[in-house]
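Working through the structure, step by step
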Amino acid sequence: MISLTVNGTEHSVDVSSDMRLLWVLRDILGLTGTKFGCGMSLCGACTVHLDGEPVRSCVMPVAVAAGKNITTIEGLSPDGSHPLQQAWVAHQVPQCGYCQTGMIMSAAALLKKKPQPSDTDINEAVTNICRCGTYTRIRAAIHTAAQKSGSQNGTKG
């Protein structure tokens, strides 16, 4: 049995220690917001947070995540009220939408580290692939979320 803390809830899963975290999240725990894209850690559709850091869950053995805090898109905001989720809608970022949960998770990790990122910061931190090419909208949405988060925290945004 492997013990995992996912979105603040403890889970014990009876799986092989080398099973990829993505499949534990999706197939065992039913958290299907995290997507499978490439299976090689290239596209970022599978991005989740492990102790606050963005990781590609498609290549991570579940044993590596044991004892750490895992956050999926469902744990970021179950009701879609996170500033990034709201900005994604306001800027009409999603086209096909497949990569979007991974993009949002990468962006959320960036904003925790750098509340007012530059375009260069965004380009360096959010390396996920969007097949629809909505990168301009993605950057705009991240800037909007940063401004909204800053104003909610009482900081200049």
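Going by the structure above, here's the rest.
Residues numbered from 1 in each chain as written. Predicted model: local features only at pLDDT ≥ 70, side-chain atom pairs only at ≥ 80, totals over all residues. Heavy atoms only, no water.

A look at the packing of aromatic side chains
Under the definition given, this model contains one aromatic pair. With a centroid separation of 5.3 Å and 35° between ring planes, the pair formed by W23 and F36 is classed as tilted. Of the two residues, W23 sits in helix α1 (residues 21–28) while F36 sits in the loop between α1 and β3 (47–50), which places them 13 residues apart along the sequence. In this structure W23 comes out as partly exposed when scored by relative accessible area, which is 28%. (Phe/Tyr/Trp six-rings, centres within 6.5 Å; stacked < 30°, edge-to-face > 60°. Helix = DSSP H or I, 4+ residues; strand = E, 2+ residues; numbered from the N terminus. Buried < 20%, exposed > 50% of the residue type's maximum accessible area, 1.4 Å probe, protein only.)

So, a nonpolar patch on the surface
Among the surface-exposed residues, M40, L42, I129 and Y135 lie close enough to one another that they form a single nonpolar patch of about 390 Å² accessible area. Along the chain, the position of M40 falls in the loop between α1 and β3. The exposed category is assigned to M40, whose relative accessible area is 55%. (Patch = residues over 30% accessible without salt bridge, like charges linked within 9 Å, V, L, I, M, F, W, Y side chains within 5 Å. Areas by Shrake-Rupley, 256 points an atom, 1.4 Å probe, with all protein chains shown as cover. Salt bridge = Lys/Arg side-chain N within 4 Å of Asp/Glu carboxyl O.)

Focus on the pattern of salt bridges
In total, this model carries two salt bridges according to the counting rule given. Measuring nitrogen to oxygen at the nearest pair gives 2.8 Å for the salt bridge that ties K113 to E53. You can see K113 sitting in helix α5 (residues 100–113) and its partner E53 sitting in strand β4 (residues 53–56), a full 60 residues away along the chain. Here K114 and D121 are joined by a salt bridge, their closest N and O atoms 3.7 Å apart. A relative accessible area of 37% means that K114 is categorised as partly exposed.

Re α5
Over its 14 residues, α5 extends 20 Å from the first C-alpha to the last, a length consistent with the 20 Å expected when each residue adds 1.5 Å. By the criterion of burial, α5 is predominantly enclosed, with twelve of the 14 residues buried. For α5, every residue scored as buried is listed here: Q100, T101, G102, M103, I104, M105, S106, A107, A108, A109, L110 and L111. (Expected span 1.5 Å × (residues − 1).)

Observations concerning helix α4 (residues 83–90)
Within α4, the full set of buried residues consists of P83, L84, Q85, A87 and W88. In the stretch just after α4, Q92 is the one whose phi turns positive, near 50°.

Details of the nonpolar core
Among the nonpolar cores identified, the biggest contains 22 residues, and L84, W88, M103, V126, I138 and I142 are the most heavily contacted of them. Element by element, the count of residues in this core is highest for α5, at seven residues. Setting aside its immediate chain neighbours within four residues, I138 contacts W88, V93, M103 and C130. Formed by 16 residues, the second largest nonpolar core is a distinct cluster that contains V13, V15, L25 and L31. (Core = buried A, V, L, I, M, F, W, Y, C linked by side-chain atoms within 4.5 Å. Contact = heavy atoms within 4.5 Å.)

A closer look at the sheet that holds strand β5 (residues 69–71)
An order of β2-β1-β5-β3-β4 is seen for the five strands of this open sheet, with the pairing classed as mixed. Edge positions in the open sheet fall to β2 (9–13) and β4, since each of these has one partner strand only. The mean angle between the axes of side-by-side strands here comes to 40°, regardless of whether they run parallel or antiparallel. Relative to β5, strand β1 (residues 2–6) is paired through two bridges, and the arrangement is parallel. Residue pairing in the sheet places T5 in a bridge with N69 of β5. Packed onto the sheet, α5 meets β3, β4 and β5 and runs at close to 35° relative to β3. (Pairing = 2+ DSSP bridges. Axes fitted to C-alpha atoms, helices over the stretch in contact; angles between N-to-C directions.)

Here's the deal with the environment of D14
Looking at the secondary structure, you find D14 in the loop between β2 and α1. Residues D14 and S106, spaced 92 residues apart in sequence, show a C-alpha to C-alpha distance of 29 Å.

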